[in-house]
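Each chain, written out:
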Amino acid sequence: MSEYTGACPPEFLKSAGNSTPSSQTDHSLRTNLQRWYLGPLGKMTGDEAFVCLCGCFPIYEKFLRATGKIGARKKFTETNTVFEYLGSKWGCSKQIAFEVWSNWRNGLLHKAMPKRDDVYSFFMCGDAEFDRAVTQRGHEIIINPWKLRECLFNAISEKREIWKDEDCPFLKVYQRHA
C-alpha cells in the first residue's frame, strides 16, 4: 500500500478503473509532526545548519501567529512586541532578535542565504562556547542553530494545537488500496 500526503479528499486517490477509494490513515498529528518536522530537524548536525534553520523559521512563524504573539495579519516590524518575546527566548535584545529575523529568516526563506547588513556581521556557529541561540559581541551577531532549534522545540512541545489551522491545515495521509 502506498501512502500519499495531501489536503485532498480520498476519492481523488482512486486508481484508474478501481472503485475502491483510498482511506485516511490513523496517523496522529503528533506522529506526523514527528515524521515530517521534528524528527528530521532534530537529527541535523554540522553543515545541515542552513537547512535546519530553513525548516525552523517557518515553524517559528506559525507558532508565533497561532499563539497570538503576533496577529494573523500583522507584520514583523521592528516595533512589534514579538521581538521582545523572541529576544527573551534566544538570549538577546529585542533589537537583535529583529535583526536576526530580518536578515536570517527573511534572507534564508526568500533568497536561500542570509541578507547582508550594513551594521552587523553575522556568523553561525554551533560550538558549545555559544550557549544561547543568539549572541551579540559588539557589531557581531553569532547564531547557534542548534540552540535556536532547541528554543523552537521547547516552544512548540506543548502547543500542538498550532497545527489546527484553517488557513493552512496540517496535511492528512491517505493509503491507496490496490
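Residues numbered from 1 in each chain as written. Predicted model: local features only at pLDDT ≥ 70, side-chain atom pairs only at ≥ 80, totals over all residues. Heavy atoms only, no water.

1. Focus on helix H1 (residues 29–43)
Alright, step 1. Its 15 residues give H1 an end-to-end C-alpha distance of 20 Å, which sits within 8% of 21 Å, the value for a rise of 1.5 Å per residue.
Alright, step 2. Arg35 marks where H1 bends most, by close to 45°.
Alright, step 3. Taken residue by residue, H1 has Asn32, Leu33, Leu38, Gly39 and Leu41 as its buried positions. (Helix = DSSP H or I, 4+ residues; strand = E, 2+ residues; numbered from the N terminus. Expected span 1.5 Å × (residues − 1). Bend = angle between axes of the 7 residues up to and from the residue. Buried < 20%, exposed > 50% of the residue type's maximum accessible area, 1.4 Å probe, protein only.)

2. A closer look at the packing of aromatic side chains
Alright, step 1. Counting across every chain of the model gives eight aromatic pairs.
Alright, step 2. Here the aromatic rings of Tyr60 and Trp90 are separated by 5.8 Å at their centres, their planes lie at 80°, and the arrangement is edge-to-face. One end of the pair, Tyr60, is in helix H2 (residues 49–66); the other, Trp90, is in helix H3 (residues 82–90), with 30 residues separating them in the sequence.
Alright, step 3. Its relative accessible area of 0% is what places Tyr60 among the buried residues.
Alright, step 4. Between Phe76 and Phe83, the aromatic rings sit 6.2 Å apart at their centres with planes inclined by 65°, giving edge-to-face as the arrangement.
Alright, step 5. Here Phe83 falls in the buried class, since its relative accessible area comes to 0%. (Phe/Tyr/Trp six-rings, centres within 6.5 Å; stacked < 30°, edge-to-face > 60°.)

3. A word on the packing of H2 against H3
Alright, step 1. Contact pair H2 / H3: the axes reach a minimum separation of 12 Å and the direction vectors enclose 125°. Here H2 lies oblique to H3, going by the angle between them. Viewed along their axes, H2 and H3 form a crossing whose handedness is right-handed. Residues Phe57, Tyr60, Phe63 and Leu64 of H2 form the contact with H3, whose own contacting residues are Val82, Tyr85, Leu86 and Trp90. (Axes fitted to C-alpha atoms, helices over the stretch in contact; angles between N-to-C directions. Parallel < 35°, antiparallel > 145°, perpendicular 65-115°, else oblique. Left-handed = near helix turned anticlockwise from the far one by under 90°. Contact = heavy atoms within 4.5 Å.)

4. Concerning the confidence of the model for the protein chain
Alright, step 1. Chain-level statistics for the protein chain give a pLDDT mean of 84 and a share of 84% at 70 or above.
Alright, step 2. Per-element confidence in the protein chain is highest for strand E4 (residues 134–137), whose mean pLDDT is 96, and lowest for strand E1 (residues 2–6), whose mean pLDDT is 68. (pLDDT = per-residue confidence, 0-100.)

5. Thoughts on the side chain of Asn80
Alright, step 1. With respect to the helices and strands, Asn80 occurs in the loop between H2 and H3.
Alright, step 2. According to the relative accessible area criterion, Asn80 is buried, its value standing at 11%.
Alright, step 3. The contact partners of Asn80, leaving out residues within four places of it in the chain, are Lys69, Ile70, Lys74, Lys75 and Lys94.

6. Structural notes on the pairing of E4
Alright, step 1. Pairing geometry for E4 and strand E5 (residues 140–143), over four bridges, is antiparallel. Across the sheet, the residue bridging to Arg137 is Glu140, located in E5. (Pairing = 2+ DSSP bridges.)

7. A word on the nonpolar core
Alright, step 1. The biggest cluster of nonpolar side chains holds 43 residues, and the ones touching the most others in it are Tyr60, Leu64, Trp90 and Val100.
Alright, step 2. Every element with two or more residues in this core is listed here: H1, H2, H3, helix H4 (94–111), E5 and helix H5 (145–156).
Alright, step 3. For this core, the element with the most residues is H2, which contributes nine residues.
Alright, step 4. Ignoring anything within four residues of it in the chain, the contact list for Leu64 reads Lys69, Ile70, Phe76, Val82, Tyr85, Leu86 and Trp101. (Core = buried A, V, L, I, M, F, W, Y, C linked by side-chain atoms within 4.5 Å.)

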